[in-house]
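# Remarks on the overall topology
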Amino acid sequence: MSERRSHHPRPLKKYPWLRPAAARGAGHGPRSGAGAADRSPAGPAPATVDGTAVADERSVVDAAVYRDGRRVGTPDGLAATYRRLREEPGAMAWIGLYRPTEAELLSLAEEFDLHKLAIEDAMEAHQRPKLERYGETLFVVLRAARYLDAVEEVDFGELHVFVGPDFVITVRHGAAPDLSAVRARMESAPELLALGPEAVLYAILDAAVDGYAPVVSGVQNDIDEIETEVFRGDPAVSRRIYELSREMVEFQRATRPLVGMLRGLMAGFDKYGTDEELQRYLRDVADHVTHTSERVDGFRSALTDILAVNATLVTQQQNAEMRALAEAGFEQNEEVKKISAWAAILFAPTLVGTIYGMNFTHMPELHWVLGYPFALLLMAVVCVSLYVIFKRRDWL
């Protein structure tokens, strides 16, 4: 690592984008508008330290100054951290922020000469994982993840890391990862922390990647359950497959860029004189990232296959239901035909009997000796004829 530069805060007038949002006119500054205004801190103007604007430290989770791998100061707020870092030659500041205000980020940008594009990204959040170098400062965006057992969902957080010659700044926009555990781990290994900001970056990357392991395990369990539900015919499984597929798309977006990011870091080992032990640690993280990325790709492929199988099973079930309905309709139609045939057969004698039962005075058949046998014969002939016709047509 290079020696710490002398701190001489630049006047704000040289950086119009660093002025508080209230001082910028409409349409000026990076991404101005309602979103920027919402992030502007309320209340009095920020305090100043040696002419540098300093925001109210409402989002500082922890700020510490380290020398030779050991904590030598725990300043109360950003301004005190700046002063203590200036007073400790060869020291390193590690500042952790959780959803900071715009004024706090602008204060850090002015103190550590952070690039305005990186500050814009940290303000806006919702960035893709990436690694960018601005002079001596690295800007890293990570998408951390954690598995929520209660709702069986994957929750994603966003972490921005600024790594300079003598400082590390973390800007967290979600619950994951737990950086307090990372800090405790590093403080318990002073020989590793003594390697400087790059060692802290390694620890953060390692924590983010290790955080993927429970997610991978949880997703694997979900896929196993989904396979069982698919063959059980659970109607709600399609929605669960779709939701898990969307989570895997997000998971893939979080892990796949890390492979290229770590390759970029490893490509600069010789150029930036990275410690050999730290190189080994970073290669180990790269191996874990590659393995996780491959698992996520496998999950997406498995979910695609499961969705296809589920669609096939649903189609088969629908076809079976349609066939059952068709068979029921056919059977019902056969019964209707039988009923109709017998109704027609019974209707013929009823019609003849009704005619002869009218008892009109002038009806020749009433006074005919063979009238009654003829009526019976007519009824029989009609009924037999209808029975033969319906029988040939398979109605009976």
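Below you will find a few notes about this structure. Every chain begins its residue count from 1, and numbering advances along the sequence as written. Selection of residues for local features in this predicted model requires a pLDDT of at least 70, selection of side-chain atom pairs for listing and counting requires 80 or more, and totals for whole chains, interfaces and linings are taken over all residues. Computation of side-chain values: all heavy atoms of the structure, hydrogens and water removed.

### Describing the side chain of Ser107
For clarity, the cut-off: Put simply, DSSP marks the helices as runs of H or I at least four residues long and the strands as runs of E at least two long, and each gets a number from the N terminus on. Polar contact is the term for a pair of N or O atoms within 3.5 Å; when the atoms are in protein, one must be able to donate a hydrogen and the other to accept it, and sequence-neighboring residues count only if both atoms are side-chain atoms.
As for its position among the elements, Ser107 is in helix 3 (residues 102-112). Within the structure, the side chain of Ser107 is placed 2.9 Å from the side chain of Tyr82, a separation counted as a polar contact.

### Looking at the pairing of strand 3 (residues 60-67)
The side chains of a regular strand alternate between the sheet's two faces. Threshold: The criterion for strand pairing is that DSSP finds at least two bridges linking the strands in question.
The pairing of strand 3 with strand 5 (residues 92-98) spans six bridges and is classified as antiparallel. Bridge pairing links Val60 to Leu97 in strand 5. Two elements, strand 3 and strand 4 (residues 70-73), share three bridges in a ladder whose sense is antiparallel. Paired with Tyr66 across the strands is Arg71, a residue of strand 4.

### What about the sheet that holds strand 8 (residues 153-163)?
Strand pairing in a sheet relies on backbone hydrogen bonds. The paired strands run either parallel or antiparallel. Keep this limit in mind: Here the axes come from fitting lines to C-alpha atoms, over the contacting stretch only for helices, and the angles between their N-to-C directions go from 0 to 180 degrees.
Strands sit in the order 4-3-5-9-8-7-6 across an open sheet of seven strands; the sheet is mixed. Both edges of this open sheet fall to strand 4 and strand 6 (130-134), since each of them pairs with a single strand only. On average, adjacent strands in this sheet sit at an angle of 25° to one another, irrespective of strand direction. Summarising the sheet, strand 8 and strand 9 (residues 167-172) pair through five bridges and their orientation is antiparallel.

### Digging into the environment of Ala380
Looking at where Ala380 falls in the secondary structure, it is placed in helix 12 (residues 371-392). Separated by 35 residues in sequence, Ala380 and Ile345 place their C-alpha atoms 9.8 Å apart.

### A few points about the nonpolar core
Note the following rule: Nine residue types can take part in a nonpolar core, namely buried Ala, Val, Leu, Ile, Met, Phe, Trp, Tyr and Cys, and a core is a set of them joined through side-chain atoms within 4.5 Å. Relative accessibility decides the category of a residue: with a 1.4 Å probe and only protein chains considered, values under 20% of the type maximum give buried, values over 50% give exposed, and everything between is partly exposed.
Counting 58 residues, the largest nonpolar core has Leu142 and Ile204 as the members making the most contacts within it. With eleven residues, the top contributor of residues to this core is helix 9 (residues 237-267). Core analysis: the second largest hydrophobic core is formed by 25 residues, Ala93, Ile95, Val141 and Phe167 among them.

### Regarding the environment of Phe162
Keep this limit in mind: The criterion used for residue contact is that any of the two residues' heavy atoms lie within 4.5 Å.
Structurally, Phe162 can be placed in strand 8. A residue is classified by how much of its surface remains accessible, and Phe162, at 2% relative accessible area, is buried. Sequence-wise, Phe162 and Ala118 are 44 residues apart; in three dimensions their C-alpha atoms are separated by 8.7 Å. Apart from residues lying up to four places away in sequence, Phe162 is in contact with Leu114, Ala118, Ile119, Ala122, Leu138, Phe139, Phe167, Val168, Ile169 and Val171.

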